[in-house]
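Close look at the chain arrangement
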Amino acid sequence: MINDEDEIIDRADDHAVSVGVSGGPAMPCIVHISDTLPDTVYWLSADKELKIGRAPDNELCIRDQSVSQIHARVVLTPKGTAFVEDLGSTNGTFVNGEKVVRHALWDGDKIHIGRQQVLKFCFRAKAQPEAAGSSESDATRDILTGIYTKQYALTRIEKDFIRAKMRHQDLALLMFDVDGFDEIRETHGPEMGDRVLCEIARLVSAVLRREDVFARYDDHTFMVLLRNQTEATVVALVQRIGRVAKFHSFSREGKKIRVTLSLGISSITRKMKNAMDLISDVQACLEKSRRAGRDTINGSQSLRVIHRQMANKHVA
């Protein structure tokens, strides 16, 4: 006798195969739908699950307080059936409006994570880089700003952290937000919001070294990985980044728009065991800056000491 779940799997497998045949080389994927950013596609494979949550080590990281650190996962069976599983999240996982614990996905199903995050399961043709007219490196660049993507930055942080630990080298991480970005977008329109992000990316890129890794971490949050820089040099750079944004002339229809940044900085220490420790520390520093107010810098203890010595008055 076949149980209900086996029947669901058989029907879902038949559906997956038929889509692949009728639509050419269609592949299962999860699409993160966003009102403010281009939709992001995450391809599924049977040998790797797609973890979803707020923690940076998730394959699909969503910086939303209503999303749990480890919220859910999507797995693909060897026969091609996709399942979404809730991992004990606080606010639950929903498929087409129905709360689920483990649910087989059909083409077009919408998965709701947290209060506002929407994912879509579907089958798409996975274009080859040559056919798309792009190179492999293009996938590492953010479409709007042209700087590196978050996923590329996370990969580099992990590699550089291991190298810095082995060779006892300096490694620092900077993360910053555009203050009041939602207000800018609501007051001056989404086009102005995009213009501010692009201009911030251009201004900051101009003061960085070629070897520094500058990435768009989230909608209006950026990250910079700095290798072989002393803490004093890092602090001076962070102060400079804050100033170039603060004193740059952003204008809309002749009216000047004041743009400031909240910044968090951290550097590698002996107590840190992996890259996640460094990322978590800089996130905590950025969060303190956000709470302290606009145009604020916060860093780990040793960086704060240097900060004060440089007589910077806006330390959180």
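Everything numeric in this text was worked out from a predicted model, so none of it was measured.

Looking now at the environment of Ile 257. Mapped onto the elements, Ile 257 comes out in strand 17 (residues 255-257). Other than its neighbours up to four places away in sequence, Ile 257 contacts His 188, Met 192, Phe 250, Ser 251 and Arg 252.

So, about the side chain of Thr 93. Topologically, Thr 93 is positioned in strand 7 (residues 93-95). Judged by its relative accessible area of 0%, Thr 93 is buried. Looking at Thr 93, its side chain comes within polar contact range of the side chain of Asp 86, at 2.6 Å. For Thr 93, the residues in contact, after removing those within four places along its chain, are His 71, Ala 72, Val 84, Asp 86, Glu 98, Lys 99, Val 100, Ile 111, His 112 and Ile 113.

Glancing now at the packing of helix 5 (residues 190-207) against helix 6 (residues 231-246). Each pair of packed helices gets described by two things: the angle between the helix axes and the distance between those axes. Two elements in contact, helix 5 and helix 6, have axes separated by 10 Å at closest approach and are oriented at 145 degrees. Note on packing geometry: the crossing formed by helix 5 with helix 6 is right-handed. Seen from helix 5, the contacting residues are Ile 200, Leu 203, Val 204 and Val 207; seen from helix 6, they are Leu 237, Arg 240, Ile 241, Val 244 and Ala 245. In terms of residue class, the contact of helix 5 with helix 6 is built from 8 nonpolar, no polar and 1 charged.

This brings us to the sheet that holds strand 9 (residues 102-104). On the basis of which strands lie adjacent, the open sheet formed by 5 strands has the order 4-3-5-6-9 and mixed pairing. With one partner strand each, in any of the chains shown, strand 4 (60-61) and strand 9 form the two edges of the open sheet. Bridge count between strand 6 (residues 82-86) and strand 9: 3 bridges; the pairing is antiparallel. Bridge pairing in strand 9 places Phe 83 opposite Ala 104.

Turning next to the sheet that holds strand 18 (residues 261-267). In any sheet, the strands associate via hydrogen bonds between backbone groups, in a parallel or an antiparallel arrangement. One open sheet accounts for 6 strands, arranged 12-14-15-13-18-19; its pairing is mixed. Both outer strands of the open sheet, strand 12 (148-149) and strand 19 (296-299), are each paired with one neighbouring strand and no more. Of the strands in this sheet, strand 12, strand 13 (171-178), strand 14 (213-216) and strand 15 (221-227) are in contact with helix 3 (residues 150-167), which crosses strand 15 at around 25 degrees. Helix 6 contacts strand 13, strand 15, strand 18 and strand 19 of the sheet and is inclined by roughly 170 degrees relative to strand 18.

We describe a pair of aromatic rings using the distance from one ring centre to the other and the angle between the two ring planes. Scanning the model with the defined rule gives 5 aromatic pairs in all. Ring centres of Phe 121 and Phe 123 lie 5.4 Å apart, and the angle between their planes is 75 degrees; on these two criteria the pair is classed as edge-to-face. Note on accessibility: Phe 121 and Phe 123 belong to one class, buried. On the basis of an interplanar angle of 25 degrees and a centroid distance of 4.2 Å, the ring pair of Tyr 148 and Tyr 152 is categorised as stacked. A connected cluster of aromatic rings, assembled from ring pairs, spans Phe 176, Phe 214 and Phe 222. When the ring centre of Phe 83 is taken as reference, the NZ or CZ atom of Arg 102 above it lies at 4.0 Å. We note Lys 150 situated over the ring of Tyr 217; from NZ or CZ to the ring centre the distance is 4.6 Å.

All right, on to helix 7 (residues 275-292) then. Along its 18 residues, helix 7 runs 26 Å from first to last C-alpha, staying within 8% of the 26 Å computed at 1.5 Å per residue. Three or more residues of helix 7 are buried, namely Ala 275, Leu 278, Ile 279, Val 282, Gln 283, Cys 285, Leu 286 and Ser 289. Considered in projection along helix 7, the buried side chains sweep an arc of 160 degrees and stay on one side of the axis. Lining the buried residues of helix 7 we find helix 3, strand 13, strand 15, strand 18 and strand 19. The backbone nitrogen of Met 276 has a side-chain oxygen 3.1 Å away, supplied by the residue at the start of helix 7, namely Asn 274. In the segment just after helix 7, Gly 293 is the residue with positive phi, at about 125 degrees.

This part takes up the pairing of strand 14. The side-chain alternation of strand 14 yields two buried faces, one formed by Val 213 and Ala 215 and the other by Phe 214 and Arg 216. Here 2 bridges tie strand 12 to strand 14, and the two strands are oriented parallel to one another. By the bridge assignment, Thr 149 is partnered in strand 14 with Arg 216. Across 4 bridges, strand 14 lies against strand 15 in antiparallel orientation. What sits directly across from Val 213, in strand 15, is Leu 225. In this structure, the hairpin formed by strand 14 and strand 15 is closed by a connection of 4 residues.

Turning next to the nonpolar core. Among the nonpolar cores identified, the biggest contains 33 residues, and Phe 176, Val 178, Ile 200, Phe 214, Phe 222 and Ile 241 are the most heavily contacted of them. Of all the elements in the fold, those that place two or more residues in this core are strand 13, helix 4 (181-188), helix 5, strand 15, helix 6 and strand 18. When residues of this core are assigned to their parent elements, the largest contribution, 8 residues, is made by helix 5. If we ignore the near neighbours within four places in the chain, the residues touching Phe 214 are Ile 147, Tyr 148, Phe 176, Ala 201, Val 204, Ser 205, Leu 208, Phe 222, Met 223 and Val 224.

The rules we used
Residues numbered from 1 in each chain as written. Predicted model: local features only at pLDDT ≥ 70, side-chain atom pairs only at ≥ 80, totals over all residues. Heavy atoms only, no water. Helix = DSSP H or I, 4+ residues; strand = E, 2+ residues; numbered from the N terminus. Contact = heavy atoms within 4.5 Å. Buried < 20%, exposed > 50% of the residue type's maximum accessible area, 1.4 Å probe, protein only. Polar contact = N/O pair within 3.5 Å; in protein donor to acceptor, adjacent residues only side chain to side chain. Axes fitted to C-alpha atoms, helices over the stretch in contact; angles between N-to-C directions. Left-handed = near helix turned anticlockwise from the far one by under 90°. Nonpolar A, V, L, I, M, F, W, Y, C, P; charged D, E, K, R; others polar. Pairing = 2+ DSSP bridges. Phe/Tyr/Trp six-rings, centres within 6.5 Å; stacked < 30°, edge-to-face > 60°. Lys NZ or Arg CZ within 6 Å of the ring centre and 35° of its normal. Expected span 1.5 Å × (residues − 1). Arc of directions from axis to C-beta. Core = buried A, V, L, I, M, F, W, Y, C linked by side-chain atoms within 4.5 Å.

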